[in-house]
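So the chains spell out like this:
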Amino acid sequence: MAVLLPDRELTVYVLDHPWGRDAHGVPVPPPPDARPAPRGTWPGAATEQADESWTLRVDPAAWRVREGDVIGDGIRTWTVVSALLRKVPGHSAADYIAVTATLNPPEVP
């Protein structure tokens, strides 16, 4: 397993969870242009994949990151598709949050 070193500072914008529900009990997400105040900024890394998705590595101090949250580096922003806290037994300094995300707005060829 290779270690991906931080190459930027990532700011995490976390949506309110759980979302409110409508009269039928269905969760209602916030408007797409709504962005909460940033939770914080941590070291991380971002790599574009061949399928034009992005893989982000975020400091575990930013946990809990969920689908729909936004991460930015001051130049780009990404919307989280999935996030998983990865722990390395016996080496907590190597722990990270593995994030798959889409670029906002998506790149157009």
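Structure's up top.
Nothing here was measured: the structure is a model prediction, and the numbers come from that model.

What counts, and where the lines are drawn
Residue numbers restart at each chain and count upward from 1, following the sequence in its written direction. At least 70 in pLDDT is required for a residue's local features to be given in this predicted model, at least 80 for side-chain atom pairs to be given and counted, and no such filter applies to totals for whole chains, interfaces and linings, which use all residues. Only hydrogens and water are set aside when side-chain values are computed; all heavy atoms of the structure are taken into account. Secondary structure elements are taken from DSSP: a helix is a run of H or I of four residues or more, a strand is a run of E of two residues or more, and numbering for both begins at the N terminus. In this analysis, strands are considered paired if DSSP registers two or more bridges between them. Simply put, an axis is a line fit to the C-alpha atoms, just over the touching stretch for a helix, and the angle between two N-to-C directions goes from 0 to 180 degrees. Here, the term nonpolar core denotes a set of buried Ala, Val, Leu, Ile, Met, Phe, Trp, Tyr and Cys residues that are joined through side-chain atoms within 4.5 Å. With a 1.4 Å probe rolled over the protein chains alone, any residue whose accessible area is under 20% of its type maximum counts as buried; one over 50% counts as exposed, and the rest are partly exposed. Working rule for contacts: check all heavy atoms of both residues, and any pair within 4.5 Å makes them a contact. Asp and Glu are treated as the negative residues and Lys and Arg as the positive ones, with His and the ends of the chain left uncounted. A carboxyl oxygen of Asp or Glu within 4 Å of a side-chain nitrogen of Lys or Arg is what we treat as a salt bridge. Two N or O atoms form a polar contact when they lie within 3.5 Å of each other; inside protein one atom must be a possible hydrogen donor and the other a possible acceptor, and for residues adjacent in sequence the pair counts only when both atoms belong to side chains.

Turning our eyes to something else, we now look at unusual backbone geometry. Asn104 connects to Pro105 through a cis peptide bond whose omega is -20 degrees. Among the secondary structure elements, Pro105 is positioned in the segment after strand E8 (96–104). Phi angles above zero are rare outside glycine, and Glu52 is one such case at about 70 degrees. Mapped onto the elements of the fold, Glu52 is located in the loop between strand E4 (40–48) and strand E5 (54–58).

What follows concerns the sheet that holds E4. The six strands are arranged E1-E4-E5-E8-E7-E6 in a closed barrel whose pairing can be described as antiparallel. Looking at each pair of strands side by side, their axes are set apart by 45 degrees on average, direction ignored. Note: E5 against E8, five bridges, orientation antiparallel. From the neighbouring strand, Trp54 faces E8, where its bridge partner is Ala101.

In this structure, Val12, Leu56, Val58, Ile71, Trp78 and Val99 are the most contacted members of the largest nonpolar core, which totals 17 residues. Those residues within four positions of Val12 in sequence are excluded, and the remaining contacts are Pro38, Arg39, Gly40, Trp42, Val58, Ala62, Val65, Val70 and Ile71.

The subject of this paragraph is the pairing of strand E7 (residues 77–86). Taken residue by residue, a regular strand's side chains alternate between the two faces of the sheet. Of the pairings in the sheet, the one linking strand E6 (residues 70–72) to E7 comprises three bridges and is antiparallel in character. Paired with Gly72 across the strands is Thr77, a residue of E7. Connecting E6 to the antiparallel partner E7 that follows it, the hairpin turn spans four residues, and Gly74 within it adopts a positive phi of roughly 95 degrees.

Another point: the side chain of Asp95. With respect to the helices and strands, the residue Asp95 is situated in the loop between E7 and E8. The side chain of Asp95 is buried and forms no salt bridge, while Lys87, the nearest opposite charge, is found at 5.0 Å. Within the local environment of Asp95, its side chain forms a polar contact with the backbone nitrogen of Val88, the two atoms lying 2.7 Å apart. Aside from chain neighbours lying at most four places away, what touches Asp95 is Pro60, Arg86, Lys87 and Val88.

Moving on to the side chain of Thr11. With respect to the element layout, Thr11 can be found in strand E1 (residues 8–13). Polar contacts involving the side chain of Thr11 include one to the side chain of Thr41, which spans 2.7 Å. In this view, Thr11 contacts Pro38, Gly40, Thr41, Val70, Ile71 and Gly72; residues no more than four positions away in its chain are not counted.

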